[in-house]
Amino acid sequence: MKLVIAIVNDEDVHHLVEDLTKGNYRVTKLATTGGFLKSGNTTLLIGVEDEEVDKVTEIIANNCQTRRQMVSSPAPMSGTSGVFIPYPIEVKVGGATVFVVDVEKYLKL
Ligand code: 2BA
C-alpha cells in the first residue's frame, strides 16, 4: 500500500476531491501553508493500493493547473549597508507537488 501526499492549490481542491471520491478513493484534506509564499494551500492524504497510484496521480494532474504568482522579495540595496528593499519576483506554482510513500501498516481500530 502507498500513501499519496499531494500539495495542491486551494482553487483546484474542490474538483480534485470530487473526482477522487467519485473514483472511490479515500481522501483526507489538510489546510496547509507554503513555506516560501506563506500563503494557504491544501495537502491531500490518499491511501491506495500500489496498482492504483498511477490512476490517482493522473486524476491529480488532470485537476491541477500551473499558476504564475508575484511575490515580494527583499533584496540588499548595497552589499554592506544592511538596507533591504522589496522587489517583485514571479514564481511558478504547481500544478501539484506529489510524494508517494510506502505504508508499513494500515489499521482501522
Ligand atoms: P511554497 O513553499 O509557498 O512555494 C510556492 C512556489 O514558490 C513553489 O511552487 C516554487 O515555484 C516557488 N519556490 C518555493 N521555494 C522557492 C525558493 N527557495 N526559491 C525560489 N522559488 C521557490 P511549487 O514548487 O509548485 O510548490 C508549491 C507548494 O508545494 C509549496 O509552497 C510548498 O507548500 C509545497 N512544496 C513544494 N515542494 C516541496 C517539498 N520538497 N517539500 C515540502 N513541500 C513542498
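Quantities reported herein were computed from a predicted structural model and do not represent experimental measurements.

J.: Explain helix α2 (residues 53-63) here, please?
T.: Because an α-helix completes one turn every 3.6 residues, residues spaced three or four positions apart along the sequence face the same direction. Among the residues of α2, those classed as buried are V53, V56, I59, I60 and N63. Projected onto a plane normal to the axis of α2, the buried residues spread over an arc of 130 degrees and lie on a single side. Residues of α2 that are exposed and point over 90 degrees away from its buried face: D54, A61 and N62. Turning to α2, the residues buried within the fold contact β1 (2-8), α1 (10-22), β3 (40-48) and β6 (96-102).

J.: How should the sheet that holds β3 be read in this particular structure?
T.: Two orientations exist for strands paired in a sheet by backbone hydrogen bonds: parallel and antiparallel. Strands sit in the order β2-β3-β1-β6 across an open sheet of four strands; the sheet is antiparallel. Each end of this open sheet is capped by a strand with a single partner; those strands are β2 (27-33) and β6. Averaged over all pairs of adjacent strands, the angle between their axes in this sheet comes to 20 degrees, without regard to strand direction. Pairing geometry for β1 and β3, over seven bridges, is antiparallel. In the sheet register, L3 faces β3, and the bridge partner there is G47. Relative to the sheet, α1 contacts β1, β2 and β3, its axis offset from that of β3 by approximately 20 degrees.

J.: Just to check I follow, could you spell out the pairing of β3 for this structure?
T.: Within a regular beta strand, the side chains point alternately toward one face of the sheet and then the other, so they alternate between its two faces. As paired strands, β2 and β3 are joined by seven bridges and run antiparallel to one another. Bridging across to β3, L30 finds its partner in T43. Hairpin remark: β2 followed by β3, antiparallel, with six residues in the connecting loop; positive phi at K38, about 55 degrees.

The rules behind the values
Residues numbered from 1 in each chain as written. Predicted model: local features only at pLDDT ≥ 70, side-chain atom pairs only at ≥ 80, totals over all residues. Heavy atoms only, no water. Buried < 20%, exposed > 50% of the residue type's maximum accessible area, 1.4 Å probe, protein only. Helix = DSSP H or I, 4+ residues; strand = E, 2+ residues; numbered from the N terminus. Arc of directions from axis to C-beta. Contact = heavy atoms within 4.5 Å. Pairing = 2+ DSSP bridges. Axes fitted to C-alpha atoms, helices over the stretch in contact; angles between N-to-C directions.

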